[in-house]
Amino acid sequence: MKSLGSIRRSFAPWADPASKPFISVKNVTKKFGDFTAVDDLSLNIYTREFFALLGASGCGKSTLLRMLAGFEQPTSGEIILDGQSLAGIPPYRRPVNMMFQSYALFPHMTVETNIAFGLKQDGMPKADIAERVGQMLKLVKLEKFAKRKPHQLSGGQRQRVALARSLAKRPKVLLLDEPLGALDKKLREETQFELMDLQQELGLTFVVVTHDQEEAMTMADRIAVMSHGKVVQVATPAEIYEAPNSRFVADFIGDVNIFDGAVSAAENGYLRIETGDGFPIRMASPEKPAVGAKAAVAIRPEKIRVTRQPPAHAPVNAVEGEIWDIGYLGDMTVFHIRLKDGRVVKASSLNAVRAVEDPFGYDQQVWISFGEDAGVVLKD
Amino acid sequence: MGNWSRFNIASIVLGFGFLYLPIVLLVIFSFNESKLVTVWAGFSTKWYAQLWHNQALLDAAWVTIRVALISATCATVLGTLAALALVRYTRFRGRMLFSGMVYAPLVMPEVITGLSLLLLFVAIGLDRGFWTITLAHITFTMCFVAVVVQSRLLSFDQSIEEAALDLGATPVRTFFAITLPVIAPAVFSGWVLAFTLSLDDLVISSFTTGPGATTLPMKIYSQVRLGVTPEINAICTILIGIVAIGVIVASVVTKQREAQRERDERAAFAQ
Ligand SMILES: Nc1ncnc2c1ncn2[C@@H]1O[C@H](COP(=O)(O)OP(=O)(O)OP(=O)(O)O)[C@@H](O)[C@H]1O
Ligand SMILES: [Mg+2]
């Protein structure tokens, strides 16, 4: 497999003010009767980007995708694709293809004719169709299954046919609605990397819907976190994880400890926050809220250290507690530590060596502590 | 079905006897040598042979078959479209009224359907005959087709139509390339149903007929008033045969497709 890392690192058209978005969603609202499924949503997606829409069930991801494909019309707002408004253009004239959540294979056609369907609609010569279908079958490793009908395939094979069919026309944009939803964990992880390779190889723009955050983090260049029809944050996976812009995003992606408190001092890019859990926090922050303003600090479990002795900077960014629960996951261990006021803090540590000489035990008194840039200050 | 108790056997015999005894008698007596319908005088197929010389009866049969073919085909087209409209456009105004109107003929007394159609044809000055019968049959069989097709459409996964549109097929192409092939067995069953209903209709045909257009049931009915002949028994036996074959074919087609599907699925999981 090629190394994606080097290509990906230099790929950031969204940071370049000169680059033009390929898909532009402008203030789009979609209402079903009184219910607002998508609420004044704006997004830019760039050529060759792998873009993920992430959110809880019912937050409007599929609805947004269906508006891109042309199955739903926005109640208000506009979608621009490659400089052209999509308003009034029916699905069969849009240069986008979609891979459906349910695969939607044609039950009365073989794998081959399923894949050829879109090409036939374009009036492609027979020989070319046969060649392209052959390529697609090879791509998804289904050469042996060309003559089968969909109900003669396993779930994973069907998913590959759906993918091949949506890729056959080489669309400018491929929309994928929960493409890996029906696969088991191992196949899912394999396919994630296959999809990424494919997208790089063919140079396509992918918009993928998922409610699996790990999947979004693995595959996407950027992630849009959605909630109740709105986009809460659009950023790279690392930014979303390390610098969530709100309590919702911090809570939605991964595990997090949130300490609520009030700002007591602000100087040199650092804030001092008196928390309700009985210890002060000093945290780096570009913002400068007024003294007395409410603030919350979000800290990921892996950034919290667990020690027997208090650190030098105690009591700032450090507090005593008791080990309440230990979860051994193999690659790492998760500690639940109970503070004096009863609140439980999650900390995790990598098991870098096979056997620790003197491991932590239940009910042990310990200190938890973290650095001055370990967390992020949330405004709300 | 484990225990064949006497009660079970008795109820089955009684039920089937009640349903089929008259028909069985009719079939048996169609092979009777004697001209007297109620006296058995040995086996013979002469009445079937005689049918071929009864020009009036043959004409009536020919009219009936033409009416049934044309009306079943038109009713299938219209009924399928009505079913599509009812299932797909769930939010149009007056949908309840429309669906009620499509299904009303199912429970409407045939006399009323026939009479109202007759009044309509008279009012618009249509010459009564072959085409008025055909039109009337389209009207009353269409709702049966609609019911059959609608029940299939309710379990139809609409995302495959969206997939076709997405791949560049126009709505019309999508209908013919995707929707129709998938619902074809139901459409075919609807056609067979409409065909058999049209074949043995008497009441509505009688109301809407005109000079020169006599269907087989009408012919049989008028002859029976002069006395039942073995010839009538013979033609009825043939009719029963056609209808039975139609019903059996329709159900076998459906069954076989299901069985095939199950086999295929088992094969897919076995690998
Ligand atoms: N045709 C429709 N009519 C009425 N309400 C709809 C329709 N389609 C979607 N909705 C509603 O809009 C909301 C968003 O639906 P959508 O399918 O976009 O969710 P989603 O984010 O894709 O969820 P999931 O992860 O479960 O697929 C839901 O509350 C849904 O009930
Ligand atoms: Mg969805």
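Quantities reported herein were computed from a predicted structural model and do not represent experimental measurements. (Residues numbered from 1 in each chain as written. Chains lettered and ligands numbered in written order. Predicted model: local features only at pLDDT ≥ 70, side-chain atom pairs only at ≥ 80, totals over all residues. Heavy atoms only, no water.)

1. Some details on the overall build of chain A
Each helix and strand counted, chain A has nine helices and 20 strands in total. Considering only C-alpha atoms, chain A reaches an extent of 75 × 50 × 40 Å along its principal axes. Counting all 380 residues of chain A, 48% fall into the buried class. Considering only intrachain contacts with a sequence separation of at least 6, the fraction spanning at least 24 residues in chain A is 66%. For chain A, the exposed area adds up to about 18000 Å²; of that, 52% sits on carbon and sulfur atoms. Where the 47 positive side-chain charges of chain A centre and where its 46 negative ones centre are 8 Å apart. (Helix = DSSP H or I, 4+ residues; strand = E, 2+ residues; numbered from the N terminus. Buried < 20%, exposed > 50% of the residue type's maximum accessible area, 1.4 Å probe, protein only. Contact = heavy atoms within 4.5 Å. Areas by Shrake-Rupley, 256 points an atom, 1.4 Å probe, with all protein chains shown as cover. Lys, Arg positive; Asp, Glu negative; His and termini not counted. Charge placed at Lys NZ, Arg CZ, Asp CG, Glu CD.)

2. Considering the interface of chain B and chain A
Taken together, the 23 residues of chain B in the interface contact 27 residues of chain A. With both chains or domains summed, chain B and chain A bury close to 2200 Å², and 60% of this area falls on carbon and sulfur atoms. Summed over the shared surface of chain B and chain A, the result is one salt bridge. Measuring nitrogen to oxygen at the nearest pair gives 2.8 Å for the salt bridge that ties B:Glu162 to A:Arg66. At the boundary of chain B and chain A, one finds eight residue pairs in polar contact (both at pLDDT 80 or more). Elements with a contribution of two residues or more to the side of chain B that touches chain A: helix H7 (159–166), helix H8 (171–199) and helix H11 (230–270) of chain B. At seven residues, the largest contribution of residues to the side of chain B that touches chain A is made by H7(B). (Buried area = accessible area lost by both parts, 1.4 Å probe. Salt bridge = Lys/Arg side-chain N within 4 Å of Asp/Glu carboxyl O. Polar contact = N/O pair within 3.5 Å; in protein donor to acceptor, adjacent residues only side chain to side chain.)

3. Quick notes on the site of ligand 1
Residue and element names in this part refer to chain A. Taken together, 13 residues form the shell around ligand 1, and within it Ser-57, Gly-58, Lys-61, Ser-62 and Thr-63 come nearest. Considering each element in turn, the shell around ligand 1 owes the most residues, three residues, to helix H2 (residues 61–69). Considering only residue class, the shell around ligand 1 consists of four nonpolar, seven polar and two charged. (Near = heavy atom within 4 Å. Nonpolar A, V, L, I, M, F, W, Y, C, P; charged D, E, K, R; others polar.)

4. Topic: the domain arrangement of chain A
All names here are of chain A. Domain parsing of chain A yields domain 1 (4–95 + 171–251) and domain 2 (255–378). Relative placement of domain 1 and domain 2: their C-alpha centres are 34 Å apart. Residue-level contacts link ten residues of domain 1 with ten residues of domain 2. When the two sides are added together, the surface that domain 1 and domain 2 hide from each other amounts to roughly 780 Å², 50% of it contributed by carbon and sulfur. (Domains from an automatic or database assignment.)

5. Some words on a nonpolar patch on the surface
Residues and elements named next belong to chain B. A surface patch of nonpolar side chains, about 960 Å² in accessible area, is lined by Ile-12, Phe-16, Leu-19, Tyr-20, Ile-23, Val-24, Ile-28, Trp-40, Phe-43 and Ile-240. When residues of the nonpolar patch are assigned to their parent elements, the largest contribution, seven residues, is made by helix H1 (residues 6–30). Considering the arrangement of structural elements, one finds Trp-40 in the loop between H1 and helix H2 (46–51). (Patch = residues over 30% accessible without salt bridge, like charges linked within 9 Å, V, L, I, M, F, W, Y side chains within 5 Å.)

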